[in-house]
Amino acid sequence: MQITSFEQYEADYKKSVENPEQFWGEVAQNFQWRKPWYKVLSWDFTGPNIKWFEGAKLNITENCLDRHLATNGDKPAIIWEPNDPEQDSVTLTYKMLHERVCRFANVLKRNGAKKGDRICIYMPMVPELAIAVLACARIGAVHSVVFGGFSAKSIADRINDAACKLVITADGAYRGNKQIPLKDVIDDALIGCPTVEKCIVLTHVRTPVSMLKGRDVWWEDEVKHVNDVCEAEEMDAEDLLFILYTSGSTGKPKGVVHTCGGYMVYAGYTFSNVFNYQPGEVYFCTADIGWITGHSYIVYGPLSQGATSLIFEGIPTFPTPSRFWDVVEKHKVNTLYTAPTAIRSLMSFGDEPLNGKDLSSIRVLGSVGEPINEEAWHWFDEKIGKGKAPIVDTWWQTETGGIMISPIATVTPTKPSFATLPLPGIQPILVDENGNEIEGNGVSGNLCIKFPWPGMLRTTYGDHERCKQTYFSTYENLYFTGDGCLRDEDGYYRITGRVDDVLNVSGHRIGTAEVENAINMHAGVIESAVVGYPHDVKGQGIYAFVIFPEMHGDVELTKKDILQTVTRVIGAIAKPDKVLFVSGLPKTRSGKIMRRILRKIAEGETSNLGDISTLLDPNVVQEIIESAAKA
Ligand code: WTA
């Protein structure tokens, strides 16, 4: 199933469009099924109703673990590099990982978990996080991993939305020279989570935590009570595998649902191809397992292909900005998959952190999460890849389950800042505002996908209508991505960024409405409007315009109060970079905030704000411009 030439890519692509069922049926043969499907695909985008590999039975962990035991049991599945470089790294072979997953799966059962139950995971980047994820899949429980940077309130919202029965966490996490008290945050969250019966706590940072009788148990104690034999639960191809919450332009984050069969095939196929993974290589994806990139390209994709996946607990700049390069050298990393924000951040330290570092093991480089600017692309290419490692700029989304538009390493000629061409099976189309297809090359428009692929979301948890509204209603019979896109003269795709009210801050998706709701929870705030603005390292920064009429004390202190409120409500990742107090917001007569104007002001524009004649009170614009200039 690995594509090795551009001609083969073209042939496979053609086949995947002309005969998708045959194409994916053949790809799926490369995986292990308990029972085959009777139909590869049935679908309509109006429901939407999407089914892949109908009738098939499997367990994804048999593909990620059991099937490698006979031939590759002693091969490293996971290499763990801790936050503190002085601490030893850990290697788990496939045999060891299999044993630990089975053991922990029995712990989950012992604590009442069954097939179909939802389990929230809030953990540091340690091997036990991957073990917890796989143990859920082993018993057919649905995992909902929440990134370690989210607040108690965000966790509680996610737990309640999915009515989770169990929580798996740790005493704390290290992040550079900081510690995050994960268990304290979970304790706060669980005050408002009546469905949670048990909380399993891993010892990691060894700080004191409170353990509630009857609810909280230690991971280390629990594993002593069970053995390591755990038959995998037989799952239907369309049974739920996991829920992952992601932000949209309105309302609360939604639980994107992925199912067992299609997701497995898509994650495995795209991993093997995009990175041109070769047996024995060490693959390092720097994302957190709390995001989709970690699900698909640290855990499921690589392990389904018997790869060695490196899990890094720390951050690129701790203890020094050489850390990534030290990790690459130490573990002889062959593939490095990271985010433009990390590249730009490391680039800002100049060449010094690279001096004396042996990066010769690197063969393939990858980028994900946001558009990569040309400067960062060239730096990555020249300084890290030494001009020899192809860069795969991979465009995809939580909803797509896996990479959609991307070069195939060693196969597709790359072009800086272009995600290049759709992978086999992916049929992108550009449309105008009215949903008319924009044909030909040298054009731009809104990016949609017109045919299903195995890794696509099936629904949003507990609210199918919302899934329909968000993704399948903007344009008839199309999946709408929310991204703007250009297709150049060569037919290459370049993603230009979101066209909806979703921000991309350091590669993290954040809804403007979510941040506004958080700011508005501050007692003194009447109203707020949040927009993104270009930021050198983060890609986008968050700019908040806030109406706060009765300022009692210090303006700076009030700003900090607002940031603290956002941290409490969402998490530190959503903290605005700039807060500007204003007396009014530019609104139309129907009361709609004109963000277009605020975006321009946030970018530093003072004239050319476009038509402001439809505003209820055009004077407010001048006032905002003046206070922005002073700030
Ligand atoms: C953006 C992350 C440009 C895009 C896997 C998308 C990108 C959103 C790229 C999804 C890329 C992701 N080039 N933009 N290579 N990759 N994006 O759900 O706006 O966290 O819609 O999934 O990130 O973010 P999500």
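Given the structure is predicted, the values throughout are model-derived calculations rather than measurements.

Student: Outline the pattern of salt bridges, supporting the account with residue identities and numerical values.
Tutor: Inspection of every chain in the model, using the stated rule, returns 37 salt bridges. Two residues, K224 and D221, come together in a salt bridge whose shortest N-O distance is 3.9 Å. Under the relative-accessibility criterion, K224 is labelled exposed at 66%. Overall, D221 belongs to the partly exposed group, its relative accessible area being 35%. Residues participating in the shared-partner salt-bridge network are R34, E62, E231 and E234.

Student: Report on the site of the ligand, specifying residues and quantitative values.
Tutor: Contacts to the ligand come from 17 residues, most closely from D393, T394, T398, D483 and R509. One nitrogen or oxygen atom from the main chain of P371 is found 3.4 Å from a nitrogen atom belonging to the ligand. Separating an oxygen atom of the ligand from a side-chain N or O atom of R509 is a distance of 2.7 Å. For the shell around the ligand, the per-class residue count stands at 6 nonpolar, 6 polar and 5 charged.

Student: Can you lay out the environment of V167 for me, pointing to particular residues and giving the numbers?
Tutor: Considering the arrangement of structural elements, one finds V167 in strand β8 (residues 166-170). Accessibility expressed as a relative area gives 0% for V167, which makes it buried. When the C-alpha positions of V167 and I362 are compared, they lie 38 Å apart, and in sequence the two are 195 residues distant. Setting aside its immediate chain neighbours within four residues, V167 contacts C120, I159, I186, L190, V196, K198, C199 and I200.

Student: Residues and numbers for the domain arrangement of the protein, please.
Tutor: A common way to report how large an interface is uses the accessible area buried once the components associate. Split by domain assignment, the protein resolves into domain 1 (62-75 + 91-233) and domain 2 (505-630). With centres defined by C-alpha atoms, the gap from domain 1 to domain 2 works out at 38 Å. Contacts between domain 1 and domain 2 engage 7 residues on the former and 8 residues on the latter. Interface of domain 1 and domain 2: buried area, both sides summed, is about 510 Å²; carbon and sulfur atoms make up 58% of it. Broken down residue by residue, the surface that domain 1 buries against domain 2 is led by F150, S151 and K153, which jointly contribute 57%. Applying the counting criterion to the domain 1 and domain 2 interface returns 0 salt bridges.

Student: Describe the packing of aromatic side chains, and please don't skip the residues or the numbers.
Tutor: To describe a pair of aromatic rings, one takes the distance between the centres and the angle between the planes. Using the criterion set out here, one finds 41 aromatic pairs in the structure. Ring centres of F150 and W291 lie 5.9 Å apart, and the angle between their planes is 65°; this geometry places the pair in the edge-to-face category. Here F150 is found in the loop between β7 (142-145) and α6 (152-162), whereas its partner W291 is found in the loop between β16 (282-285) and α10 (292-304), with 141 residues between them in sequence. The burial state of F150 is the same as that of W291; both residues are buried. An aromatic cluster is built from F23, W24, W33, W37, W52, F53, Y266 and Y269, whose rings are joined through pairwise contacts. Note that R158 overlies the ring of F150, its terminal NZ or CZ placed 4.3 Å from the centroid. Positioned over the ring face of Y492 is K415, at 4.9 Å from the centre of the ring.

Student: So what about the environment of T169? Which residues, and what values?
Tutor: Examined against the element boundaries, T169 turns out to sit in strand β8. With relative accessibility at 0%, the residue T169 sits in the buried group. Along the chain, T169 and K15 lie 154 residues apart, while their C-alpha atoms are 45 Å from each other. In contact with T169, not counting residues within four places along its chain, are Y122, M123, L182, K183, I186, C199, I200, V201 and L202.

Student: Would you mind going over unusual backbone geometry in detail, with residue names and values included?
Tutor: Generally, phi is negative for residues other than glycine and the peptide bonds are trans, each holding for most cases. Backbone torsion omega between G47 and P48 reads -15°, so that peptide bond is classified as cis. Inspection of the secondary structure puts P48 in the loop between β1 (39-44) and β2 (49-54). Cis geometry is found at the peptide bond from F318 to P319, where omega equals -5°. Inspection of the secondary structure assignment puts P319 in the loop between β17 (308-312) and α11 (323-331). Here the phi dihedral of F53 falls at roughly 55°; this positive angle occurs in a residue that is not glycine. Relative to the assigned elements, F53 resides in strand β2. Overall, F53 belongs to the buried group, its relative accessible area being 0%.

Rules of the game
Residues numbered from 1 in each chain as written. Predicted model: local features only at pLDDT ≥ 70, side-chain atom pairs only at ≥ 80, totals over all residues. Heavy atoms only, no water. Salt bridge = Lys/Arg side-chain N within 4 Å of Asp/Glu carboxyl O. Buried < 20%, exposed > 50% of the residue type's maximum accessible area, 1.4 Å probe, protein only. Near = heavy atom within 4 Å. Polar contact = N/O pair within 3.5 Å; in protein donor to acceptor, adjacent residues only side chain to side chain. Nonpolar A, V, L, I, M, F, W, Y, C, P; charged D, E, K, R; others polar. Helix = DSSP H or I, 4+ residues; strand = E, 2+ residues; numbered from the N terminus. Contact = heavy atoms within 4.5 Å. Domains from an automatic or database assignment. Buried area = accessible area lost by both parts, 1.4 Å probe. Phe/Tyr/Trp six-rings, centres within 6.5 Å; stacked < 30°, edge-to-face > 60°. Lys NZ or Arg CZ within 6 Å of the ring centre and 35° of its normal.

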